[in-house]
Amino acid sequence: MPIRKTRARLSDGRELIYFDDTEPFVSGRATRELHDGRGLVPVRAASTMRYDVLTGEWVTLAAHRMNRTFLPSTDECPLCPTRPGRPATEIPADDYDVAVFENRFPSLGSVPADVPGIVDGEELRPQRSADGRCEVVCFTSDHDRGFAQLPVSRVRTVLEAFRDRTQELSALPSVVQVYCFENRGEEIGVTLSHPHGQIYAYPTLPPRTAALLRQADRHRKRTGRSLLRDVLGAERRAGTRVVVAGEHWTAYVPAAARWPVELHVAPHRDLADLTELDAAELDELSHLYLDVLGRLDRFFDGVAKLPYVAGWHQAPVGAGRELGRLYLEVFSLMRAPHRMKYLAGSESGMGAWISDTTPETIAARFREVAP
């Protein structure tokens, strides 16, 4: 499927990239608007990271995000196209297919100068700049159309955009892992209702990845095999939690699922990240992705749009890459119709997870709501 990629710059210097899959743009007979006339002043984002010696984790400090845009009206949506009679937006074209741009309020990036290596002169307080990158991915120009309502061809374009950005961001010298994800629903914490996702290019391994690599390393030393490949094989053999099994992909509920609604989608081949997918795998994934999201919205009777997070776990760029393996994680915090699971004392305070259901029950419900 042909896709045309066009680069531009917003008025404050941030990068904007169009991924076109429709005419007259995909052939080049016409081009998207490349000029942003807003005259924005560059955002002075200066994120830092401090090391928590009690957990071994880096915590990002991004104080410039405190007053970022919060649930604007549809008429003031910054992700819609720029059209007459409405305020100019982050996307200067009057229409678009898929658009990616640098976040105006990034958690990572815009490295401050001369960040002290420690805080307060104390060796117990290591500090560093958060020199990664954050991007926004607009799936469609239609404000009211969610990802699950996109045509298969547009899902393929979004995946191609994720692949493209994964490849380019992985080449940045400060980046160790790229995470492409979508948050949907105010209950999840979404602050812009326009259908969009985000990409975080991390300068340090996130805690979830660091823990996974530790487990994968132990498994390899003990068995000589890949942990994530063995997990997929075990789920396929058991079958009790498998939701969809295709030629190239399997969707299943993990045996130790934490969330009330949770699903993993894994490729049958060993792939480090999205850049290694071939055409057949992308084609099947485009259909399977829509299948999975459709089941989410049918999971609870009376809930038309289930809030969820869908994120691509990819192998790190450098050390530990051979231990990682691509998979998609989709989950929701909703435990019953319009009732959210809150992480209270034991889970928030001690990290001791308690599931309100069983993985087998989740998988059975996913199978019940097949299209």
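Residues numbered from 1 in each chain as written. Predicted model: local features only at pLDDT ≥ 70, side-chain atom pairs only at ≥ 80, totals over all residues. Heavy atoms only, no water.

An account of the pattern of salt bridges is needed here, citing residue identities and associated values.
Under the criterion given, the structure shown has 42 salt bridges. Taking the shortest distance from any N to any O, the salt bridge between aspartate 131 and arginine 128 comes out at 2.8 Å. On the accessibility criterion, arginine 128 (26% relative accessible area) is partly exposed. Linked by salt bridges that have partners in common, Lys5, Arg7, Arg9, Glu15, Glu102, Arg133, Glu135, Asp164, Arg165 and Glu168 make up one network. (Salt bridge = Lys/Arg side-chain N within 4 Å of Asp/Glu carboxyl O. Buried < 20%, exposed > 50% of the residue type's maximum accessible area, 1.4 Å probe, protein only.)

Provide a residue-level description of helix H4 (residues 279-296), including the pertinent values.
Given 3.6 residues per turn, any residue in an α-helix points the same way as the ones three and four places further on. Between its terminal C-alpha atoms H4 stretches 26 Å, which fits the 26 Å expected from 18 residues at 1.5 Å a residue. Most of H4 is tucked away: 14 of the 18 residues are buried. Residue aspartate 278 occupies the N-cap position of H4, its side-chain oxygen lying 3.2 Å from the main-chain nitrogen of alanine 280. (Helix = DSSP H or I, 4+ residues; strand = E, 2+ residues; numbered from the N terminus. Expected span 1.5 Å × (residues − 1). Polar contact = N/O pair within 3.5 Å; in protein donor to acceptor, adjacent residues only side chain to side chain.)

So what's going on with the packing of helix H2 (residues 207-223) against helix H3 (residues 227-238)? Residues and values would help.
Axis separation between H2 and H3 bottoms out at 9 Å; the angle between their running directions is 85°. The angle between H2 and H3 places the two elements in the roughly perpendicular class. Side by side, H2 and H3 meet where Leu212, Gln215, Ala216 and His219 of the first sit next to Leu227, Leu228 and Asp230 of the second. Looking at side-chain class alone, the contact of H2 with H3 contains four nonpolar, two polar and one charged residues. (Axes fitted to C-alpha atoms, helices over the stretch in contact; angles between N-to-C directions. Parallel < 35°, antiparallel > 145°, perpendicular 65-115°, else oblique. Contact = heavy atoms within 4.5 Å. Nonpolar A, V, L, I, M, F, W, Y, C, P; charged D, E, K, R; others polar.)

Go over the packing of aromatic side chains with me, naming the residues and quoting the values.
Applying the stated criterion across every chain yields a total of twelve aromatic pairs. On the basis of an interplanar angle of 85° and a centroid distance of 4.8 Å, the ring pair of phenylalanine 139 and phenylalanine 147 is categorised as edge-to-face. Using a relative accessible area of 0% as the deciding quantity, one classes phenylalanine 139 as buried. Residue class for phenylalanine 147 comes out buried when judged on its relative accessible area of 2%. The structure contains a cluster of three or more aromatic residues connected by ring pairs, namely Phe139, Phe147, Trp249, Tyr289 and Trp312. Across from the ring centre of phenylalanine 25, 3.4 Å away, lies the NZ or CZ of arginine 32, which sits over that ring. (Phe/Tyr/Trp six-rings, centres within 6.5 Å; stacked < 30°, edge-to-face > 60°. Lys NZ or Arg CZ within 6 Å of the ring centre and 35° of its normal.)

Can you tell me about the pairing of strand E9 (residues 196-202), naming the residues and giving the values?
Within E9, seven of the seven residues are buried, leaving the element largely enclosed by the surrounding structure. Residues of E9 alternate between two faces, with His196, Gln198, Tyr200 and Tyr202 on one and Gly197, Ile199 and Ala201 on the opposite face, all of them buried. For strand E7 (residues 133-138) and E9, the ladder comprises six bridges, and the chain directions are antiparallel. Bridged to cysteine 134 within E9 is tyrosine 200. Alignment of strand E8 (residues 177-184) against E9, held across five bridges, turns out to be antiparallel. Its bridge partner being in E9, cysteine 180 is matched across the sheet by isoleucine 199. (Pairing = 2+ DSSP bridges.)

Quick one: what's the story with the environment of threonine 31, residue by residue and with numbers?
In this fold, threonine 31 is placed in the loop between strand E2 (15-20) and strand E3 (48-52). According to the relative accessible area criterion, threonine 31 is exposed, its value standing at 51%. For the pair formed by threonine 31 and arginine 128, sequence separation is 97 residues and the distance between their alpha carbons is 41 Å.

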